[in-house]
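# What the coordinates show
Below, each chain spelled out in residue letters.
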Amino acid sequence: MSFPIVEQPETSSNQNAGRKAARAKAADAAQKLELLQLEDRLVPAGQITGQVFLDFNSNGLLDTSTTLNNDGFGTYTRQTDKGVAAVVVQAYDSSNVLQGAATTVADGTYTLAATGTGGYRLEFSNVPTGNFTGPQGVNVAPPPQGSGTSVQFVPDGNSTNRNLSISLPSGYADNPQIITSSYLIGDQSGTLATGPKFGTANLSTSPVIISFPYSAGTTEQSNVANAQI
C-alpha cells in the first residue's frame, strides 16, 4: 500500500521569509530610534566670548569715551581703557576636565569654543607682571561693558561679555586728587600786628595744604566766584 506525496504550498515559505524581513526591519527601526533619542539628550556646547582690559580708573567698566565733564562748564580729556593681550582663558566642566582654552589678542578680546557639556568654570590667568585683577563692574552692554572676577561660572551654550578688568596701581587714574601748598601774605598765627609788613588779613584758620579733584575749575569768565576754587 502506498501513500501519495503531498507537496507543501510555496506560499508558506514566502510568508515565513516575509515575516523575518518585517521583524528585521522593525528591529533596525527601533535601533535607529533609540540612537536618535540618545543624541537628542545631549546638551550642545557653545562659544564663550569676552574682553580683558586695563581699567585705568578701576571702576570695573570698559570706558571708551575720550572726554568727561569737569566740575565747571568745560570738559577734560581722559585716558580710555585698553585691551590686554596674551591673557589665557580656560573653561572646565563640572568634572574639572578642561573643555577649551583661548588667548586674548591685541585688543583684549577672545573667543573660546567649549566642548563637552556645560556649565563651565572660566579661569583667567597669565596676567601681565605688575598688574592685578581689577574690581567688578555692572555688566551693561554695548559699552561700557562690566567686568567679572578671575573665576566665573557660565551656563552651557553661547555666552558673551565674560570680561575681566586689570588694574595697574602705579598707572593713570581718572580725576585724581591734586595736592598743593597755598602761600598767602598775612598773619599765619593770628597774633601778629597787621599792616603792609605782615599783610592785612588774619590767616590763622586758612589752610596751607589744599587738595581738589583734577576736574575742578571752570571756563566761566564773567563771574569771579565761579572761577575760584
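Before reading on, note that the structure itself is shown above.
Residues numbered from 1 in each chain as written. Predicted model: local features only at pLDDT ≥ 70, side-chain atom pairs only at ≥ 80, totals over all residues. Heavy atoms only, no water.

The next thing to look at is the sheet that holds strand β10 (residues 151-154). Strand order in this open sheet of four strands is β6-β5-β8-β10, and the pairing throughout is antiparallel. At either end of the open sheet lies a strand with only one pairing partner, and these are β6 (98-103) and β10. The mean angle between the axes of side-by-side strands here comes to 20°, regardless of whether they run parallel or antiparallel. (Pairing = 2+ DSSP bridges. Helix = DSSP H or I, 4+ residues; strand = E, 2+ residues; numbered from the N terminus. Axes fitted to C-alpha atoms, helices over the stretch in contact; angles between N-to-C directions.)

Attention now moves to the environment of Asn 131. Assignment of secondary structure puts Asn 131 in the loop between β8 (120-125) and β9 (132-133). Taking the C-alpha atoms as reference, Asn 131 lies 4.9 Å from Leu 168; in sequence the two are 37 residues apart. Beyond its immediate chain neighbours, meaning those up to four positions away, Asn 131 contacts Leu 54, Ile 166, Ser 167 and Leu 168. (Contact = heavy atoms within 4.5 Å.)

Overall, the coordinates contain one aromatic pair when judged by the stated rule. Between Tyr 110 and Phe 124 the ring centres are 6.1 Å apart and the planes differ by 80°, which places this aromatic pair in the edge-to-face class. Taken as a pair, Tyr 110 in strand β7 (residues 109-113) and Phe 124 in strand β8 lie far apart in primary sequence, 14 residues in all. (Phe/Tyr/Trp six-rings, centres within 6.5 Å; stacked < 30°, edge-to-face > 60°.)

So, about unusual backbone geometry. In this chain, Gly 118 is followed by Gly 119 through a cis amide linkage whose omega measures 5°. Assignment of secondary structure puts Gly 119 in the loop between β7 and β8. Here Ser 58, not a glycine, exhibits a phi torsion of approximately 55°, which is positive. Tracing the sequence through the fold places Ser 58 in the loop between β1 (47-54) and β2 (67-69). Ser 58 gets classed as partly exposed once you look at its relative accessible area, which sits at 37%. (Buried < 20%, exposed > 50% of the residue type's maximum accessible area, 1.4 Å probe, protein only.)

Glancing now at the side chain of Gln 99. Relative to the elements of secondary structure, Gln 99 occurs in strand β6. Assessed through its relative accessible area of 15%, Gln 99 is described here as buried. Of note is the side chain of Gln 99, whose polar atom sits 2.8 Å from the side chain of Asp 93. Every residue in contact with Gln 99, bar those within four places of it in the chain, is listed here: Ala 91, Tyr 92, Asp 93, Ala 113, Ala 114, Thr 115, Gly 116 and Tyr 120. (Polar contact = N/O pair within 3.5 Å; in protein donor to acceptor, adjacent residues only side chain to side chain.)

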